[in-house]
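# A structural walkthrough
Letter by letter, the chains look like this.
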Amino acid sequence: MYIESVPNRDSPPAVLLRESYREDGKVRKRTLANLSCLSTEVIEGLRVLLRGGVAVPSAEEVFTVERTLPHGHVAAVLGSARGSGASNWFGSAPQELQPVLLAMLVARVISPASKLATHRLVHDDTANTSLGRVLGVGQCSADDLYRALDWLHDAQPAIERRLARQHLVGSALVLYDLTSTWLTGRCCELAARGHSRDGKRDDPQIVFGLICSAQGCPIAVEVFPGNTADPATVAAQVAKLRDRFGIEHIVWAGDRGMLTSARIEQLLKPQGMDWVSSLRAPQIAQLAAEHGPFQPSLFDERNLLELTSEHFPGERLVVCRNPALAEERARKRLELLAATEADLARIAATTQRARRPLRGEQAIALRVGRIIGRFHMAKHFELSITESGLSWQRRHEAIAQEAALDGLYVIRTSVSAHELDAPAAVAAYKSLSHVERAFRSIKTVDMQVRPVFHYSAQRVRAHVFLCMLAYYVEWHMRQRLKPMLFDDEYLDQASASRAS
């Protein structure tokens, strides 16, 4: 028998004396008496009697809660970090810095912030998680974090070699891409103004390139001054793969802005490397003029067409057609043409108005020049400007030539067909999306590489490398969770295990 309190809407709960029994293999319960009329002291006395006459103290009477620290997310990320090999990465560090390095790595995943904020996160007096106590760094100083960061900069080549041996052995495909992030302040020697991928043209920036495996696993990162052009970084990465990692056969996958024809001729071919990239728009137009219009009937059921060209000797060219993209580009072109004509019509109207009309060929041309390039449609219009008027007409032949290439992109590769067929070449190029995902994770919501609170080149590079290692931990965690979420066979086995 036991006493149970049953909620009763707005009325006081009903206190019932009940007992459990088994019927047809099921546990059922029945009410023996309603004790709601008894006082609280009597009901508590009955509870003691039903327990054998021994009063069991409540948790509040036994324990006094002084402070609670969230632990679940710390345990999950720390377990993933150790499972991905973080303890081995930091094994050669001084004994007192090893837990500090691990704490910095985990903190970058669970709560990315400055090193001073990370110190407050792990210190016993200001901690808001259990990370500091679990790793025993609750009494470390802020200088310990900076010492650990300096050690990480020196250890970066060794850690990257370890990752390369683990993830690039037996796989020739290497993904590489470049991004930038802006800085504030004037002290960082790497900060310079260059092409900003974030639209921050008025701020100095740094540039960093990321090497990934074909599956998107980050292997190495290199930080460059902010005014470094994309192709100029390829030489350093080629040397890193050859000299530091000792990889002989490499298939380099990069976008068309990275692996230009000049870089392929100057760097990849002399090193005996293969590549997978794509053609620029003028090269696609040249290829279309050489082979004639790419009619839809030329493509197979996967919208792929493989060919060669004398302008790209020793390479295979795979023309890909995306009907949805072709339709979208055609729609956008019509909208931009109409918007440009609307702007031109407004200027033409100002030349014909009765009061203070716009006059002068130069004045009209200046007004047209300010707007004609707004939508980048100047190439599709033939303009006629006089002293007192403006007229235009569309260049239908140029529009038709551009429309013929809608939805087309061309993959170029030096890998033979028996090693990499056409669909595999296209998939290899599209796998660059793994690097883009890594950049999004490192730069934005996950690792938050900026703001960069360091100004020495050594610590800036170590900070970016720490963010890359944190993304590696996240990637490793995602790979372990993927079969649990998407593998039907794994789910069936798990269900059978629970049932047994």
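The sections below set out a description of the structure shown in this document. All residue numbers here refer to positions counted from 1 along the written sequence of the relevant chain. Two thresholds apply to this predicted model, a pLDDT of at least 70 for residue-level local features and 80 or more for giving and counting side-chain atom pairs, whereas whole-chain, interface and lining totals are computed over all residues. Computation of side-chain values: all heavy atoms of the structure, hydrogens and water removed.

### With respect to the side chain of Arg450
- Its place among the elements puts Arg450 in the loop between helix H16 (433-443) and helix H17 (457-486).
- Buried residues are those whose accessible area, probed at 1.4 Å on protein chains only, stays under 20% of the maximum for their type, while exposed residues exceed 50% and partly exposed ones sit between those limits. Note that His is not counted, nor are the chain ends; the positive residues are Lys and Arg, and the negative ones are Asp and Glu. When a carboxyl oxygen of Asp or Glu is within 4 Å of a side-chain nitrogen of Lys or Arg, the pair counts as a salt bridge. Among buried Asp, Glu, Lys and Arg side chains, Arg450 stands out as unpaired, with Asp198 the closest opposite charge at 6.8 Å.
- Within the structure, the side chain of Arg450 is placed 3.2 Å from the backbone oxygen of Trp182, a separation counted as a polar contact.
- In contact with Arg450, other than residues within four places in its own chain, are Thr181, Trp182 and Thr184. In this text, helices come from DSSP runs of H or I with a minimum length of four residues, and strands from runs of E with a minimum of two, each type numbered from the N-terminal end. As used in this structure description, the phrase polar contact means that two N or O atoms lie within 3.5 Å; if the pair is within protein, one of them must be able to donate a hydrogen and the other to accept it, and residues adjacent in sequence are counted only when both atoms belong to side chains. Every residue pair with non-hydrogen atoms within 4.5 Å of one another is taken to be in contact.

### Describing the environment of Cys320
- Along the polypeptide, Cys320 turns up in strand S10 (residues 316-321).
- Along the sequence, Cys320 and Ile411 sit 91 residues apart, while their C-alpha atoms lie 7.6 Å from each other.
- If near-sequence neighbours (up to four positions away) are discounted, Cys320 is found in contact with Phe299, Asn303, Leu304, Gly407, Leu408, Tyr409, Ile411 and Val426.

### So, unusual backbone geometry
- Note that the residue after Arg450, namely Pro451, is joined by a cis bond; omega there is 5°.
- Residue position: Pro451 is located in the loop between H16 and H17.
- At His376, a residue that is not glycine, the phi angle is positive and equals roughly 55°.
- Note on placement: His376 falls in the loop between helix H13 (361-372) and strand S11 (381-385).

### A look at the side chain of Thr260
- As for its placement among the helices and strands, Thr260 is situated in the loop between strand S7 (251-253) and helix H10 (261-271).
- Discounting residues that sit within four places of it in the chain, Thr260 has contacts with Pro231 and Arg280.

### Let's talk about the environment of Ser11
- Positionally, Ser11 belongs in strand S2 (residues 11-23).
- For the pair Ser11 and Leu317, spaced 306 residues apart in sequence, the C-alpha separation works out to 79 Å.

### Description of the nonpolar core
- Residues Trp89, Phe90 and Leu105 are the most contacted members of the largest nonpolar core, which totals 104 residues.
- Among all residues touching Phe90, those that are not within four sequence positions of it are Gln98, Leu101, Leu102, Leu105, Trp151, Leu152 and Ile159.
- Core analysis: the second largest hydrophobic core is formed by 14 residues, Ala288, Leu305, Leu307 and Leu405 among them. We define a nonpolar core as any set of buried Ala, Val, Leu, Ile, Met, Phe, Trp, Tyr and Cys residues linked to one another through side-chain atoms lying within 4.5 Å.

### A short note on the pairing of strand S6 (residues 218-225)
- With respect to burial, S6 is a largely interior element, 6 of its 8 residues being buried.
- Between strand S5 (residues 205-213) and the antiparallel strand that follows it, S6, lie 4 residues; Gly216 among them carries a positive phi value of about 95°. For two strands to pair, DSSP has to find at least two bridges joining them.

### Examining the layout of surface pockets
- The calculated volume of the largest pocket comes to roughly 860 Å³.
- Of the grid points, spaced at 1 Å and generated over the protein atoms alone, those admitting a 1.4 Å probe that cannot get out make up cavities, while open sets with protein on both sides within 12 Å along at least five of seven lines make up pockets; any residue with an atom within 4 Å of a point is treated as lining. Lining the largest pocket we find 28 residues, and of these Ala281, Arg329, Glu402, Leu405 and Leu408 sit closest to its centre.
- Within the residue set of the lining of the largest pocket, elements represented by two or more residues are helix H11 (281-291), helix H12 (323-352), helix H14 (396-403), strand S13 (408-413) and helix H15 (422-430).
- A class-by-class count of the residues in the lining of the largest pocket yields 17 nonpolar, 3 polar and 8 charged. Grid points are joined across faces, edges and corners, and a volume is the space filled by probe spheres set on the points. Following the grouping adopted for this structure description, the nonpolar residues are Ala, Val, Leu, Ile, Met, Phe, Trp, Tyr, Cys and Pro, the charged ones are Asp, Glu, Lys and Arg, and the polar ones are all others, Gly among them.

### Focus on the pattern of salt bridges
- Scanning all chains against the criterion turns up 26 salt bridges.
- The shortest N-O distance in the salt bridge between Glu96 and Arg147 comes to 3.2 Å. Pair noted here: Glu96 is in the loop between helix H4 (86-89) and helix H5 (98-110) and Arg147 is in helix H8 (residues 142-167), with a separation of 51 residues, a long-range link.
- By relative accessible area, which is 47% here, Glu96 ends up partly exposed.
- The partner of Arg459 in a salt bridge is Asp150, and the shortest N-O contact between them spans 2.9 Å. One end of the pair, Arg459, is in helix H17; the other, Asp150, is in helix H8, and 309 residues separate them in sequence.

### Observations regarding empty space enclosed by the protein
- Considering all chains together, one arrives at 3 cavities of 30 Å³ or more under this definition.
- Each pocket or cavity is described by its volume, and for the largest cavity that value is around 50 Å³.
- Around the largest cavity, the lining residues are Met104, Ala107, Arg108, Ser111, Pro112, Ala113, Lys115, Thr118, Leu145 and Leu466.
- Broken down by secondary-structure element, the contributors of at least two residues to the lining of the largest cavity are H5 and helix H6 (115-122).

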